[in-house]
Amino acid sequence: MGLKAVFFDLDDTLYSSFKACDAYALEQLAAWAEQTLGVAGTAFADAFRTNRLRFARQQPGMPPVHDRVLFAQGALERLGLNAVRYARAAHRVYWEAVFSKMELRPGVTELLDDLRAAGIQTAVCTDMLADIQMEKLERLGLADQISYLVTSEEAGMDKPGAPIFWLAMHKCGCLPHEAVMVGDNFRHDIQGATDLGIGGIWLNWTHLPRPEDERDYFEAHSFEQAAAHIRSLL
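Residues numbered from 1 in each chain as written. Predicted model: local features only at pLDDT ≥ 70, side-chain atom pairs only at ≥ 80, totals over all residues. Heavy atoms only, no water.

A.B. asks: Tell me what's going on with the sheet that holds strand 6 (residues 179-183), and back it up with residues and numbers.
C.D. replies: The 6 strands are arranged 5-4-1-6-7-8 in an open sheet whose pairing can be described as parallel. Each having just a single partner strand, strand 5 (148-151) and strand 8 (218-220) make up the two edges of the open sheet. Strand after strand, the sheet turns through a mean of 20° between neighbouring axes, direction not considered. Across 3 bridges, strand 7 (residues 199-203) lies against strand 8 in parallel orientation. Across the sheet, residue Ile201 finds its bridge partner in strand 8, namely Phe218. Strands strand 4 (121-126) and strand 5 of the sheet are contacted by helix 6 (residues 130-139), whose axis makes an angle of about 140° with strand 5. (Pairing = 2+ DSSP bridges. Helix = DSSP H or I, 4+ residues; strand = E, 2+ residues; numbered from the N terminus. Axes fitted to C-alpha atoms, helices over the stretch in contact; angles between N-to-C directions. Contact = heavy atoms within 4.5 Å.)

Given below as structure tokens:
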């Protein structure tokens, strides 16, 4: 194959579980709203979720759908509160809670060390804002182990859109057949990558049914299985 680069999704791929982190963050956000703003925490959390869904409808696949400052701004405005004063504080409360709950998957550090020793470029290829994903990599202890970060904010479009994958290939200096993409989301990570000729490694850690899809990809149920397959390609 002549492997030159490995691309990794971040959320639910290098760490888990974002759903659990998000649920905890919303609980912390509700507690903060009650203490700081004097409003019912559930009302604020519900307004936060509502604004999140509004962006997903209005700007599907675009980076603003990930911006918690915008979610908080809309929630505060719905409740008649000062968004300029409090939106960024709500953003910090939310993300600090997420950061505190992230758990690095077993085998990630060892695989990244092996890839670096083999001269393989690595890129985190992720739907999210750059500063947040940089902070996650710092908190997870991976900041010095990844060659490049490629976010949908930088590329201008979420996966499975092609721009994020082309940008990752440009940064890593490889062609599609010289790279593989590891991710938990079949549509975003595997379909998006393989549509361009990049190899796909589906980290199906939730044991979802195998899609009716004829494309060629490797399915792993743990990160260790994915790592073993990547080592077999070296």
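A.B. asks: Could you give an account of the pairing of strand 5, naming the residues involved and the relevant values?
C.D. replies: Across 4 bridges, strand 4 lies against strand 5 in parallel orientation. Looking at strand 5, one finds that Thr126 is bridged to Thr151. Taken together, strand 4, helix 6 and strand 5 constitute a β-α-β crossover, and its handedness is right-handed. (Right-handed = clockwise from strand over helix to strand, strands pointing away.)

A.B. asks: I'd like a description of the environment of Asn82, backed by residues and values.
C.D. replies: Its location among the elements puts Asn82 in the loop between helix 3 (68-78) and helix 4 (83-101). In this structure, the C-alpha to C-alpha distance between Asn82 and Glu219, residues 137 residues apart in sequence, is 48 Å. In this structure the side chain of Asn82 is engaged in a polar contact, spanning 3.1 Å, whose partner is the backbone nitrogen of Val84. Only 2.9 Å separates the side chain of Asn82 from the backbone nitrogen of Arg85, close enough to count as a polar contact. (Polar contact = N/O pair within 3.5 Å; in protein donor to acceptor, adjacent residues only side chain to side chain.)

So, to be careful, I would describe these as geometric facts and stop short of saying anything about function.
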